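Listed here are the chains, written in short residue letters.
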Amino acid sequence: MRSSYRVASSVLFAAVFLAGCSPTATGGSAASPTGTAATGPSSTDARGGPGRAIAVGAGPQATYTVQKQPPAGSCHFRYENGEPLEDPACTPGAISPAVTQENLKSTICRKGGYTSGIRPSTSVTGKEKALNAASYGYKGRMGDAEYDHLISLQLGGDPNDPRNLWVEPPDPGHKTGGGVNNAKDPVETKLHTAVCAGKVSLTAAQKAIAGDWTTALSTLGLG
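These figures come from a predicted structure and were not determined experimentally.

A. Structural view of the overall build of the protein chain. Within the protein chain, the secondary structure is distributed over 7 helices and 6 strands. Secondary structure of the protein chain in N-to-C order comes out as α-α-α-β-β-β-β-α-β-β-α-α-α. Burial statistics for the protein chain: of 223 residues in total, 37% are counted as buried. Long-range pairs, those at least 24 residues apart, make up 72% of the contacts in the protein chain between residues at least 6 apart in sequence. In the structure as shown, the protein chain presents an accessible area of about 12300 Å², 59% of it carried by carbon and sulfur atoms.

B. Main features of the pairing of strand β6 (residues 165-168). Side chains L165 and V167 project from β6 onto one buried face, and the interleaved W166 and E168 project onto a second face that is buried too. Summarising the sheet, strand β5 (residues 146-149) and β6 pair through 4 bridges and their orientation is antiparallel. Bridge pairing links Y147 to V167 in β6.

C. Region of interest: the nonpolar core. With 38 residues, the main nonpolar core has I108, I151, L155, L191 and V195 as its most contacted residues. Those elements that place two or more of their residues in this core are α4 (122-136), β6, α5 (184-196), α6 (202-211) and α7 (216-219). Apart from the residues lying within four places of it in its own chain, the contact partners of I108 are V99, Y114, L153, Q154, L155, G156, H192, V195, C196 and L202.

D. Molecular detail of the environment of Q154. Structurally, Q154 can be placed in the loop between β5 and β6. A C-alpha to C-alpha distance of 8.9 Å links Q154 and G113, two positions 41 residues apart in sequence. In this structure, Q154 is in contact with I108, T115, E188, T189 and H192, ignoring residues within four places of it in sequence.

E. Looking closely at the pattern of salt bridges. Evaluated as defined, the whole model comprises 5 salt bridges. A salt bridge links R163 to D161; the nearest nitrogen and oxygen atoms lie 2.7 Å apart. For D161, a relative accessible area of 9% corresponds to the buried category. Here K184 and E188 are joined by a salt bridge, their closest N and O atoms 2.4 Å apart. In this pair, K184 and E188 both sit in helix α5, 4 residues apart, roughly one turn of the helix. Overall, the relative accessible area of 0% leaves K184 in the buried class. Salt bridges sharing partners connect three or more residues here, namely D148, K184 and E188.

F. Highlighting the environment of K68. Secondary-structure assignment places K68 in the loop between β1 (55-56) and β2 (78-80). On the basis of relative accessible area, K68 is assigned to the exposed category, the value being 74%. Measuring from C-alpha to C-alpha, the distance between K68 and E128 comes to 7.8 Å, with 60 residues separating the pair along the chain.

G. Structural view of unusual backbone geometry. At N81, a residue that is not glycine, the phi angle is positive and equals roughly 55°. For N81, a relative accessible area of 76% puts it in the exposed group.

H. Structural detail: the packing of aromatic side chains. Summed over all chains, the structure comprises 3 aromatic pairs. Here the aromatic rings of F77 and W166 are separated by 6.2 Å at their centres, their planes lie at 55°, and the arrangement is tilted. In this pair, F77 is assigned in the loop between β1 and β2 and W166 in strand β6, connecting sequence segments 89 residues apart. In this structure, F77 and W166 share a single accessibility class: buried. Within the aromatic cluster, the residues linked to one another by ring pairs are F77, Y136 and W166.

I. Local environment of α5. With 13 residues, α5 extends 19 Å from end C-alpha to end C-alpha; this agrees with the ideal 18 Å at 1.5 Å per step. At its buried positions, α5 is contacted by β5, β6, α6 and α7. Once α5 ends, the next one or two residues include G198, with phi positive near 80°.

Here is what the cut-offs are and how they apply
- Residues numbered from 1 in each chain as written.
- Predicted model: local features only at pLDDT ≥ 70, side-chain atom pairs only at ≥ 80, totals over all residues.
- Heavy atoms only, no water.
- Helix = DSSP H or I, 4+ residues; strand = E, 2+ residues; numbered from the N terminus.
- Buried < 20%, exposed > 50% of the residue type's maximum accessible area, 1.4 Å probe, protein only.
- Contact = heavy atoms within 4.5 Å.
- Areas by Shrake-Rupley, 256 points an atom, 1.4 Å probe, with all protein chains shown as cover.
- Pairing = 2+ DSSP bridges.
- Core = buried A, V, L, I, M, F, W, Y, C linked by side-chain atoms within 4.5 Å.
- Salt bridge = Lys/Arg side-chain N within 4 Å of Asp/Glu carboxyl O.
- Phe/Tyr/Trp six-rings, centres within 6.5 Å; stacked < 30°, edge-to-face > 60°.
- Expected span 1.5 Å × (residues − 1).

Structure below.
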């Protein structure tokens, strides 16, 4: 009996010892995926504040290259009161690290303009537009669709990040062959004016238009 008791005690002690030394218990390599990810590089904007943070792109480049687009047919347009919206899984938006709340006067709000000097050439965007049209399954006239920055350049959107560009179909009732004429454009201009006038923050405007451009102005109390 005494011999059996000693064996059982040894087995029990070994089990307890091994459990106490497991990586999870000691905070070692078996830490949760969430904890591991939190210690690595982040692809989101630390300035984003509450809610979904917006990804940060590479910013303006001296030379732009054609960016890889989502697989053909993998993106799907949404519609709000007939107006086309992007697929948030394919085009969530991306901002430029070169534009901040602190440097508005020297970037997007400076006199003389900002966007023309950072816009990719049509030799790059033309190829991207064709690829992105396949991503979204767009079959209309390419001349009637705008290869659009979800977060516009005048709101500090990234110039050539594929997460910030999509083929935007024409508005409802648009005459085929009439060229690009989207209701989103004046929304971008009004948001830009509000940001430069100090009525709304840059981050608030970026989040509003990335979330739903059709409600961005009302969301921010701008009409």
